[in-house]
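Architecture at a glance
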Amino acid sequence: MSVETMLNIEIDSGSGFCFGVTTAIKKAEEELQAGQTLYCLGDIVHNGMEVERLSTNGLVTINHDELRQLHNVKVLLRAHGEPPETYEIAKKNNIEIIDATCPVVLALQRRIKKQFDSNPDAQIVIFGKNGHAEVLGLVGQTRNRAIVIEHLDEVEKLDFSRDIYLYSQTTKSLDEFHQIIDYIQSHMSPTAQFRSFDTICRQVANRMPNIASFAVKHDLVLFVSGRKSSNGKVLFNECKSINANCHQIERANEIDMKWLNEVESVGICGATSTPKWLMEECRDWIMARMSGV
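These notes cover the structure that comes with them. (Residues numbered from 1 in each chain as written. Predicted model: local features only at pLDDT ≥ 70, side-chain atom pairs only at ≥ 80, totals over all residues. Heavy atoms only, no water.)

Once that is clear, we can look at the overall build of the chain. Looking only at helices and strands, one finds twelve helices and twelve strands in the chain. Projected onto its principal axes, the C-alpha positions of the chain cover 70 × 55 × 25 Å. Sorting the 293 residues of the chain into buried and exposed places 51% on the buried side. If you take every contact in the chain between residues at least 6 apart in sequence, the share linking residues at least 24 apart comes to 71%. Charge-centre separation for the chain: the mean point of 31 positive side chains lies 5 Å from the mean point of 39 negative side chains. (Helix = DSSP H or I, 4+ residues; strand = E, 2+ residues; numbered from the N terminus. Buried < 20%, exposed > 50% of the residue type's maximum accessible area, 1.4 Å probe, protein only. Contact = heavy atoms within 4.5 Å. Lys, Arg positive; Asp, Glu negative; His and termini not counted. Charge placed at Lys NZ, Arg CZ, Asp CG, Glu CD.)

Read across the sheet, four strands follow the order β7-β6-β8-β9 without closing on themselves; strand pairing throughout is parallel. Single-partner strands in this sheet number two, and they are β7 (147–149) and β9 (194–196). Here the average twist between neighbouring strands, direction ignored, is 20 degrees. Packing of helix α6 (residues 103–118) onto the sheet brings it into contact with β6 (123–127) and β8 (164–168), and relative to β8 it is tilted by some 170 degrees. Contacts from helix α8 (residues 174–187) reach β6, β7, β8 and β9, with the element oriented near 175 degrees to β8. (Pairing = 2+ DSSP bridges. Axes fitted to C-alpha atoms, helices over the stretch in contact; angles between N-to-C directions.)

Looking now at empty space enclosed by the protein. Take a probe with the size of a water molecule and roll it over the atoms, and the empty space left behind shows itself. Applying the stated criterion across every chain, the model contains one cavity of 30 Å³ or more. Here the largest cavity is characterised by a volume of approximately 30 Å³. Together, D12, G14, S15, R207, N210 and I211 line the largest cavity. Looking at the lining of the largest cavity, its residues break down into one nonpolar, three polar and two charged. (1 Å grid on protein atoms, 1.4 Å probe; cavity = no way out; pocket = protein on both sides within 12 Å on 5 of 7 lines; lining within 4 Å. Points joined across faces, edges and corners; volume = space filled by probe spheres on them. Nonpolar A, V, L, I, M, F, W, Y, C, P; charged D, E, K, R; others polar.)

Here we take up the pattern of salt bridges. In total, this model carries 14 salt bridges according to the counting rule given. D43 is the salt-bridge partner of K228, the closest N and O atoms lying 2.8 Å from each other. Here the residue K228 occupies a position in the loop between β10 (220–224) and α11 (230–242), and D43 occupies one in the loop between β2 (38–41) and α3 (48–56), the gap between them amounting to 185 residues. We note a salt bridge from R68 to D65, for which the minimum N-O separation is 3.7 Å. Taken together, the residues span about one helical turn, with R68 and D65 both in helix α4 (residues 64–69) at a distance of three residues. Its relative accessible area of 36% is what places R68 among the partly exposed residues. (Salt bridge = Lys/Arg side-chain N within 4 Å of Asp/Glu carboxyl O.)

The structure is reproduced here in structure tokens:
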């Protein structure tokens, strides 16, 4: 039997944009279709191909320094959210905000701000990636006084004799979050209070077991994701731990056809920032080369 007839390619139905990213892109497309000039503060999604697509349609990506120079324009805030300072700049410069902050992130921002306002002397700790857009927005709710913990081994820098309120970036690992909770609980002074709040998005967290069961079904797994994606890194590592024959790619032309030697089943999956069209493009790229097109 020929290789062409043997090969089965499956795209993971559970992969692709999460609700927050879908909403942000929809809002951008609506503005662009109306012929409006639209700026986006930072990459709308951590996927270069999707950013390129929207840029071709007229979306202009800017940074925070460029925001300060703009006046009387429309600026979209992506799903990751922004600190209060961004809204203050927009108001001062008469910028109309198209706010696409994910509702899950927005609720988390409000919780952290309320906690900080009620007890500013406590340690507000955020389990997240330093410098990540969402984390910057969360830290901004505390006048930049929150402590960011990236990994379990950083927890020891906390002062366990003072109150600790622990939150998490919405896309972090649930397992590591619980390990951090256990460590803090075992080191807290009896005179201090510790409270943890599980703020990890379930739409994202549930992808871990789902993507694991998907990866185990295939001889080869192609994980399509921007390399800047925090969520992509977590999910790719999960795939790789389940199926060693797993490769992360950003676009179809990164696929090495040698990977398909002696392979009968290929699984294509991705991050919450990976568009469905890009996974389909990878499938079509493989099929075209196998049929000699």
